[in-house]
Every structure is written in C-alpha cells, then in structure tokens.
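# Report on the structure
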Amino acid sequence: MTEPERALLDRAEALLVKRCMDAHGLPYWTVAPLSAEESRGLGYVLDDVAWAREHGYGSRLQHKELAAKRADPNLRHRNELTGQRLTEYTDALFGGPDTPTLSARVPGGGTISSSVGGCYGEASQELYGDRATWFRVDKTVANLTSLYGAELRRDPRFTGAVTAWARCMGRAGHPYPDPPAAHSAAAKAGLRDTGPTVDAEVERRTFTAEVRLAVAEATCAEETGLGRTGRALETEYRDGLDGAYLDAIADHRRIERRALDRARDIAGARP
C-alpha cells in the first residue's frame, strides 16, 4: 500500500470519528496530516537522493509534525475540560471502563492488547470490519520481522551490500560500517535535533551538515543497491514463512484493500 493510500485511510478514519462525535453532540476536528512525502520514514537505509537533498534525515519535518500535534484543536479542547465533562468526552472518544480488551499473540512471543473503543473503535470497525480480526492480523504482520530479521541480516547478499555501502561512504568521508551507525552519529551530533528554538544560523549550519550526510548515505545506497537488496530479501523471507503467517499476510492485504474502497467513498476520493 502506498503512502497516499495510507493517508487516505487515515483521513477516512478521522472523518468517521468526527461523524460519531457529532452524533454525540461533541466537537471534533479533522486535522490535515503531513503529506505522503513529508511523513515517510527512513527505514533501515535512506536511498532516495532527491528526498535526502531536500529534507536531510527529516529533522525539520519532525519539528513540523510536533508543532502540529501541539496545535491540535482536539488535544487543546480536551485539556480545557475537567470533571464530568472530561469523562464524557474521553468516554465518547476512546470508550469507557466497560470497553472490551482486544489481544493478539505476536510472532516471536508475547501479547499486545488494546482497549480503545468509543468513536475511535466504531470508526475502525466501520473501515476495517471485524475489529478483533483486523487487530490480530495487523499486529501479526507488523511483528513478522522478529521471525527472520536476524537471519536476513546474516544473509551474504545483505552483508555484501552493507560492506559495499560502507566502502562507498568511506570514500565520501563518512566512515560508518552500516546505516544505523550513520543515523546514530547524526543523532549524537544533533543533526536531527534542530528546530525553531535553535538559533537560526546554528540551525542552518546543522541542517546543511544533516543534508550532506543524508545525501551521501542515499547516494551510496543507490549506487550499491543496498535498499533494493534489503527490500527484495524482505519479500523473499516473508514468502518463505509457514502457512499460518502467509494466511495472516493475505488477510491483512484483503482487509486493507477493502478498507481502501470504503475510504474512497467516505472521503469522496473516487475518480
């Protein structure tokens, strides 16, 4: 599923929450999220040179997102409520003490539980169908890496691509053994901790250094094919899982695609 499709699902869910809160006679605002380009994550390695040249590692985007969360009218409204009014509002939004708990055992061991109900729960149910089924397959698929992650990282095709990437970075003056080391160094140097509270000139210099390192990482990832190799191996290892997990992946895709059709109707996004 593409980032624009995920953004559409989020928008449809927010519209459903608002519709439900309106039925309760309570205010709720739908807030425009970051664009698909702005909200993308780095993953194991950044391999989009154009994105790196514009956003570096995304520090400015992170601060934009934090500022938007602080200005969220829904959060501001809840913070203004007290006593019974606050209880009524949060119960309508998230569900009260009688909200049933959903639990799912995840690959590799352990259990994840959630008791979100109220309008959030109703919106999820309307968009994805049976909440218990969606919760189970979503948490299963989100945690599949624990089954093969260590083996993938030892795969000679992967380690070879990482070694080639590290040689490329060394030639560019950035001697890091792998992308996480580069990300860690950037964080320690404050290259991903800039924002409006920092002196403007300091922020400019810091962001320039962030972009320089991010572009080097992405250029080397593109030249060595590290990102492509990792994604291909991810698909290969997932396809090699046993039937129960393959069924969960298939169910996840089916439910998401059906939800996407509903989201287009809800958000008025059909062509």
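Counting of residues starts from 1 at the beginning of each chain's written sequence and follows it residue by residue. Given that this is a predicted model, residues contribute local features only at a pLDDT of at least 70 and side-chain atom pairs are listed and counted only at 80 or more, while totals for whole chains, interfaces and linings are drawn from all residues. Each side-chain value is worked out from all heavy atoms of the structure, with water and hydrogens disregarded.

Moving on, we come to the nonpolar core. We define the nonpolar core as a collection of buried residues of types Ala, Val, Leu, Ile, Met, Phe, Trp, Tyr and Cys that are connected through side-chain atoms lying within 4.5 Å of one another. Exposure classes here rest on a 1.4 Å probe applied to the protein chains alone. A residue is buried below 20% of its type maximum, exposed above 50%, and partly exposed in between. Formed by 35 residues in total, the largest nonpolar core has its most connected members in Leu46, Tyr57, Trp165 and Leu226. At the level of elements, helix 3 (49–55), helix 9 (145–154), helix 10 (156–171), helix 11 (179–188), helix 12 (200–224) and helix 13 (226–239) are the ones that each hand at least two residues to this core. With 9 residues, helix 12 is the single largest residue contributor to this core. Here Leu46 is in contact with Arg40, Trp51, Ala52, Gly56, Tyr57, Ala214, Glu217, Ala218 and Ala221, once residues within four sequence places are set aside. Judged by nonpolar contacts, the second largest core, of 23 residues, contains Cys20, Tyr89, Leu93 and Ile255. The secondary structure listing takes helices from DSSP runs of H or I that are at least 4 residues long and strands from runs of E that are at least 2 residues long, numbered from the N terminus. In what follows, residue pairs with any heavy atoms lying within 4.5 Å of each other are defined as contacts.

This part covers the environment of His77. Note that His77 resides in helix 5 (residues 73–80). Each C-alpha atom of the pair His77 and Pro27 lies 8.5 Å from the other, and the pair is 50 residues apart in sequence. Once you skip the residues sitting within four places of it in the chain, His77 turns out to touch Pro27, Trp29 and Tyr89.

Here, axes are lines fitted to C-alpha atoms. For helices the fit covers the stretch in contact, and angles between N-to-C directions go from 0 to 180 degrees. Running from N to C, helix 10 and helix 12 cross one another at 135°; their axes reach a closest spacing of 9 Å. If you check the angle between helix 10 and helix 12, you find them oblique. When you trace helix 10 past helix 12, the crossing you get is right-handed. Contacts between helix 10 and helix 12 pair Ala161, Ala164, Trp165, Cys168 and Met169 from the former with Leu213, Ala216, Glu217, Cys220, Ala221, Glu223 and Thr224 from the latter. Angles are sorted into four bins: roughly parallel if under 35 degrees, roughly antiparallel if over 145, roughly perpendicular if 65 to 115, and oblique for all others. The handedness criterion is simple: a crossing whose near helix is rotated anticlockwise from the far helix by less than a right angle is left-handed, and one whose near helix is rotated clockwise is right-handed.

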